[in-house]
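Descriptive structure summary
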Amino acid sequence: MMRFMLLFSRQGKLRLQKWYTATAERDKKKMVRELMQVVLARKPKMCSFLEWRDLKIVYKRYASLYFCCAVEEQDNELITLEVIHRFVELLDKYFGSVCELDIIFNFEKAYFILDEFLMGGEIQDTSKKSVLKAIEQADLLQEVCDVHLGLL
Amino acid sequence: MPAVSKGDGMRGLAVFISDIRNCKSKEAEIKRINKELANIRSKFKGDKALDGYSKKKYVCKLLFIFLLGHDIDFGHMEAVNLLSSNKYTEKQIGYLFISVLVNSNSELIRLINNGIKNDLSSRNPTFMCLALHCIANVGSREMAEAFAGEIPRILVAGDTMDSVKQSAALCLLRLYKTSPDLVLMGEWTSRVVHLLNDQHMGVVTAAISLITCLSQKNPDEFKTCVSLAVSRLSRIVSSASTDLQDYTYYFVPAPWLSCKLLRLLQCYPPPEDGAVKGRLVECLETILNKAQEPPKSKKVQHSNAKNAILFEAIALIIHYDSEPNLLVRACNQLGQFLQHRETNLRYLALESMCTLASSEFSHEAVKTHIETVINALKTERDVSVRQRAADLLYAMCDRSNAKQIVAEMLSYLETADYSIREEMVLKVAILAEKYAVDYSWYVDTILNLIRIAGDYVSEEVWYRVIQIVINRDDVQGYAAKTVFEALQAPACHENMVKVGGYILGEFGNLIAGDPRSSPLVQFNLLHSKFHLCSVPTRALLLSAYIKFINLFPETKSTIQEVLRSDSQIRNSDVELQQRAVEYLKLSSIASTDVLATVLEEMPPFPERESSILAKLKKKKGPGAVSSTEQEDGKREGGELNGGGERGADSTIAASNASTPSPSADLLGLRSSGPVSAAPPSAGSLLVDVFSEAGPAAPAAAVNDDGFLRDLEPPTESSDSLLAEGPGDSDSAPPSVVSEDPAPPMPQSDELLHKFVCKSNGVLFENQLLQIGVKSEYRQNLGRMYLFYGNKTSVQFVSFSTSVTYTGELQSQLNVQTKPVEPLVEGGAQVQQVINIECLTDFSDAPLLNIKFRYGGALQNLTLKLPVTVNKFFQPTEMVSHDFFQRWKQLSQPQQEAQKIFKASHGMDKEVLKGKLLGLGMALLENVDPNPENFVCAGVIQTKAQQVGCLLRLEPNAQAQSGEQMYRLTLRSSKDTVSKRLCDLLAEQF
C-alpha cells in the first residue's frame, strides 16, 4: 500500500501531497522536509529506490518535478515506478503535455486525477481510458451545468 | 491547456495563485495570504448569500493556502455546504477540502456523513464515487461506524456500475485497515472472492487489494481465492500482448494485476490441489522464460513492468521455498541482473538474492555470485546499492567463504559511508565470531575492526572479544601479543586501549618472556595512552595496573609511584581517585597471597547469546538477521505458543464427548465431609532417589533404572493382591498402594502456574499418561474434573490417586475426592471429580499423587492440584472514582504487594486482557488515566470472609534497559492475599 505521494520541484517547493494514512500536520511537514532533502541530494543515474525510516521510497524526476512515493516493505518497487509514470501520462493526456505550471494552477484537477487513479493507497484502475473518462465526465457535467446556468 | 479552458477555470483563484508566485519574499507572501484570508472571511460572514460558484472559489483558495503550509481555521462549514450542491464541481471541491483538511469536530462529521449518505443513495454513479472517495480519504472511525455496513452491499450488488464497484472495494479496504472490527465480511466473503472472476479488469484490479488484505487476516475464510487467482494469472500470462487492450502497458499484459495476483498467492502455502499447482508452476516458468526473450520495446516502462512481474514471481518462488528447480532458475536470473546496466535492477537483484541465500535449495547457487557482489561493494556509485551488496554478503556468508567475505567487508569499511559503518561493524563482528575456526583469526579481525572503524565499534563488540578471549585459553597468548602490537601504533583508538588494558592486565604474563614486551615495556606502553583517554578507560587502566602488580611484582614500585601521583590520588573524578587510593593501599598492605587471590584471573563468562547479535536485531529489525537465525526463533515461538494449547483443546473436546457436562449444580458440595489428610511425605533417601530419576524422566527410562527396581520387590505382593480383586478398591482408600507418594515433581510449580488464568487444559503429559483438567468455581466452592488418559496400548493396574494437603492448608481448604477405578485400559480415559471448598485464603496448593503399574513397574508421580486462590474471585465492576477511592483506602504498606519484572511473553494487549479476564477479576476499562495500564477489581470469596482486591498492571514497553517491563501492584484487605496474588501473577506475563 502506498503511504503517501509527493510532487516537488527541484527548488524544494512542494506541489502536491497525498497522504493515504492519517498523519498529523506537524509530522507531515517534518517528513516532507526530511525526504525532500534526501531525494534532492541524490545524483542522476542513482537508483530510484531507497530505504527511509521503515518505508521504501520510490522516486523519479520528470523535467523540473520530482514524483516521490512511499510504499511499504512488501510492495513492489518497479511497479510503483510505473504507477508514477502512469500518473504522469494521465496528467499529460488531460492537460496536454503537462508542465509544472499546470499542476500549480490546477492543483485541484491534479488531485481529482490522482483520486481516480489511486484510492486509499491502492490502484483503482490502470486503464488510461477509464480514468480519463471519469474525469472528462466530470468536466462534461460541469459544462452542462454552465449551459443550464446560462439559460437561466 | 485545452481541457482546463473548458470553462470551469476559477479566474479569481488563478489570479491569486499568480499573485502568490510573484511575491518576492516570504513576508510578502504572508501579507498577501492574510489579505486574502480577511477577504474570504468577510465574504463568508457577509449578509449577502454567496452563490455556489463563489463558495467553491473561496473554499478552493483556502485549500490552496492550506497546501502552501498555512493553518486554516475556518471555511469548513462552507465546504460542507458544497456537498449538498447539485453541481458536480462544487460538490467535488467540497469533498476535496474535507479530504485534505478533515477535522475531528464531531458536529461537522455528522454533517459530512449526512452529505455522504445522500450521495451514496443518489444512485448517481459519479456522486457515489465522490462519496466513497471521501470516506476512503478520511477513513475515520465515525465514518466506519456510519458506512461499514453499507459499502459491502454496494460492492457486490448486481446493478452497481463497475466504476462504483472499484471505489467501493478500495473504500472498504481503507475502512478495514482503520477499523477492522467494524467491517464484517461474513456473508459477503464468497461474493467478494468471486470478484476475481469479474469481466472488468479494473474491478479485479481494485478488488484484489481488498482480497489480499482480508486473506492476510483471515486466510482460511478466503482460501478459495487461491485457485481463482491462479487461473486469472494463467489467463493473463498466456495472453498475447494486445488481448487486454487498455490494460496492456507497454506491451506487457496487465502488469499491475499480475503483481497483485502473485502477491495474493504469497499469503498462502503452495496449492494442495495438484492441477492448480501445476498450472501455477507453469505460469512461473512462463514468466521466467519471458525474461529471456528479447524485449518488445526499448522503453524503460516495458522492462520495468515486465521485471516487476518477474520479481514478484521470484518472491513467490522464495515464499514457497519448495521448488528447487525454480529457486535455482530464479537465482540465475537474479545473477544476470547483478550485472545489468540499470542501477535499479542491480539494486533489486541484490535485495532479492538476500532472501534466496537463506533457502537451502539456493544457498549454494547464490554463493557462486560472490565475486560479482564483492565487486558491487567496491564499485557501485550509489550508497544504497552498496548497502544491499553488504547485506547480501552477510546473508551468503558461511564457513566456506567467511574469511574472504570478512576480509572484503573490512577493507570496504576503510572507505565506507558513515551512514552504514556501524551496521557494517556489527555484521563483521558477528560473522567473525560465528564462523571463527581458529580464534586467532577472530582476534585479528576484531582488532582490525577497532583499528579501522574504532568510532563505530560499540561496547558490545569489544566486550564480546574480551569474553571470548577469557573463555578460550588457546587464544590468550596470541591475543596479548596482537593487542600489544596494535598498541604500538602512535595513534590508536580508545577502544583499542580498553581491549589492550583488559587483555594485558589478564594475560600480559604470557608475553612477558620476550624482552621486547617485558612487564615494564607493557606498562609504559599502556600508560603512554592514559592521558589521552576518557574517564571510564582510565578507570579500566588503573585496574589493569593493579593486576600488573600481581602479575609482575617487579613493576610494583613504578606503578605505586604512578598511583601516588597527584594526578591520580587527587584526581577530581571520584571514581578515579577512589581506585587510585584503594589500589595503592591494597598493593602496600596485602601480602602476595592475598593479592594473588584478590586479583586472580577472571573466571570464564557464562555462555550466552551474542550481545552483538541482539544489538543488530534491535537496530535493523528482524530483516537484518539472517533468516536461519530467524527461523530458529520462529520455531521456538511456534512451539511455545502452539503445542500445549492444541493438546489442551483436543483433550477438552474428548472429555466433553465422553462425560456428562460438568456444569451441574455445585450446591451439594457443602454437605460433603472433609477428606482425611494423607500421611506426610516420604523419607529423605527416597526423596532423593525419586527426584533424580523419578517422574520427571520419561517413564521408559524409569523402568530400566536399577535404583528403582531395587526398591520395588516388597511391593510386588500388594500389586498382585489388587490385580486379583479390582472391586476391592471401592472400600480401600486410595492410598492402598504401599509406596509413599513421590515428592512433587520439579516442574509442578510451572504446571500450576499454567492454570492460574485458565480453568481447562492439559495439566500433565508424559509418554504414558495425560492428565486433563476442567474446573468451575462459584462463590467459595469449586468442582474440578480430572481426566486420566492412558496413552499406551497396555492397561494400567493399581491405578490410584490421592489429594493431600498438609499444614496450614488443612485449615484453609476442604478437598473431597471420589475414588477412581483401579484399572485403566490402554487408550482409555477415566474421570475423577474433586470438590473443593475454600475456608479461608491460602497460598500453597494441595498435592495430587498418582500411582499405577505399567508393565509391572510402579509409576509414582506427584503434581500440584491446579487450584489457586484467585479461582474464588468474584469480579467487581466499579467506576474510576470508586476504584481510586478504594485504592487509597488500601494504602497501608502491608496491604500492598508489588513486583517489577521483565515481560516473558511479549506485550500483546489482547493476550494480556485475556489473561486478566481468566484471572477472574473484572477488567475495568476507562479507569486508569493511562490507557496502556490495566486495572482490575474483584472479591475473593472464602467461607470465613470476603477479601476485596485491586490490581494494577503497568506495562512499560521501553524501559531504560530496552527490555519490556511490567510493574504489578496488588492491594487487598489481607496481606497474605496481596502477596500470594502478586507472586502468582508475576509468573503469568
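Analysis parameters
- Position numbers for residues count from 1 along each chain, tracking the sequence in the order it is written.
- By the order in which they are written, chains take letters starting at A while ligands take numbers starting at 1.
- Only residues with pLDDT of at least 70 are given local features in this predicted model, and only at 80 or more are side-chain atom pairs given and counted; all residues enter the totals for whole chains, interfaces and linings.
- In computing side-chain values, all of the structure's heavy atoms are included and hydrogens and water are not.
- Only the six-membered ring of Trp is used, alongside the rings of Phe and Tyr, when aromatic pairs are assigned; centres must lie within 6.5 Å, and planes under 30 degrees apart are stacked while those over 60 apart are edge-to-face, with the rest tilted.
- By the criteria applied, helices consist of DSSP H or I runs no shorter than four residues and strands consist of E runs no shorter than two, each listed in order from the N terminus.
- The cut-offs for exposure are 20% and 50% of the maximum accessible area for each residue type, with area from a 1.4 Å probe on protein chains only; residues under the lower value are buried, those over the upper are exposed, and the others partly exposed.
- The contact criterion used throughout is that any non-hydrogen atoms of two residues lie within 4.5 Å.
- Two parts placed together each lose some accessible area under a 1.4 Å probe, and adding up what both lose gives the buried area.
- A pair is scored as a salt bridge if a Lys or Arg side-chain nitrogen falls within 4 Å of a carboxyl oxygen belonging to Asp or Glu.
- Two N or O atoms form a polar contact when they lie within 3.5 Å of each other; inside protein one atom must be a possible hydrogen donor and the other a possible acceptor, and for residues adjacent in sequence the pair counts only when both atoms belong to side chains.
- Values of pLDDT, which run from 0 to 100, indicate the predictor's confidence residue by residue.
- One fewer than the residue count of a helix, multiplied by 1.5 Å, yields its expected span.
- Here the arc refers to the set of directions running from the helix axis out to each C-beta atom.
- Nonpolar cores are built from buried Ala, Val, Leu, Ile, Met, Phe, Trp, Tyr and Cys residues. Side-chain atoms within 4.5 Å join them into one set.

1. Thoughts on the packing of aromatic side chains
Residues and elements named next belong to chain B. All told, the structure shown has 31 aromatic pairs over all chains when counted by the stated rule. On the numbers, 6.2 Å between centres and 70 degrees between planes, the contact of Tyr 439 with Tyr 442 is edge-to-face. With a gap of three residues between them, Tyr 439 and Tyr 442 both fall in helix H24 (residues 439-453), about one helical turn apart. Tyr 442 shares its class with Tyr 439; the two are buried.

2. Section: the side chain of Ser352(B)
All names here are of chain B. Turning to its location among the elements, Ser 352 is positioned in helix H18 (residues 343-356). For Ser 352, a relative accessible area of 11% corresponds to the buried category. When neighbours within four sequence positions are excluded, Ser 352 is seen to be in contact with Phe 311, Ile 314, Ile 318 and Leu 334.

3. Here we look at the interface of chain B and chain A
Residue-level contacts link 73 residues of chain B with 64 residues of chain A. Between chain B and chain A, a total of about 6,000 Å² is buried, with carbon and sulfur atoms accounting for 57% of that surface. Where chain B meets chain A, there are four salt bridges. Between Arg42(A) and Asp382(B) there is a salt bridge, and its shortest N-O distance comes to 2.7 Å. Here chain B is connected to chain A by 28 residue pairs in polar contact (both at pLDDT 80 or more).

4. Some details on the confidence of the model for chain A
Per-residue pLDDT for chain A has a mean of 88; in total, 92% of the residues score no lower than 70. Confidence drops under pLDDT 50 across residues 145-152 of chain A; counting only partners more than four residues distant or on other chains, this segment forms three contacts.

5. Some details on unusual backbone geometry
In this model, Lys45(A) sits at a positive phi of 70 degrees, which is unusual for a non-glycine residue. Tracing the sequence through the fold places Lys45(A) in the loop between helix H1 (25-40) and strand S3 (49-52). Under the relative-accessibility criterion, Lys45(A) is labelled exposed at 72%. With phi around 50 degrees, Ser798(B) is a residue other than glycine that occupies positive phi space. With respect to the secondary-structure elements, Ser798(B) resides in strand S6 (residues 797-804).

6. Digging into helix H15 (residues 274-292) of chain B
All names here are of chain B. Across its 19 residues, H15 extends 27 Å between first and last C-alpha, which sits within 8% of the 27 Å expected from 1.5 Å per residue. Among all positions of H15, only Val 276, Leu 280, Val 281, Cys 283, Leu 284, Ile 287 and Leu 288 are buried. On an axial view of H15, the arc spanned by its buried residues comes to 150 degrees, and they lie on one face. Set apart from the buried face of H15 by more than 90 degrees, the exposed residues are Gly 274, Ala 275 and Glu 282. Lining the buried residues of H15 we find helix H13 (225-237), helix H14 (255-265), helix H16 (300-320) and helix H17 (324-337). By the N-cap criterion, in which a side-chain oxygen at the helix start approaches the backbone nitrogen of a residue two or three places on, H15 is capped by Asp 273, the distance to Ala 275 being 2.8 Å.

7. With respect to the nonpolar core
Residues and elements named next belong to chain B. Ranked by size, the top nonpolar core spans 271 residues in total, and within it Ile 116, Leu 196 and Leu 449 carry the most contacts. Discounting residues that sit within four places of it in the chain, Ile 116 has contacts with Tyr 95, Ala 131, Cys 134, Ile 135, Met 143 and Phe 147. Residues Ile 836, Leu 863, Phe 873 and Leu 984 belong to the second largest nonpolar core, which totals 65 residues.

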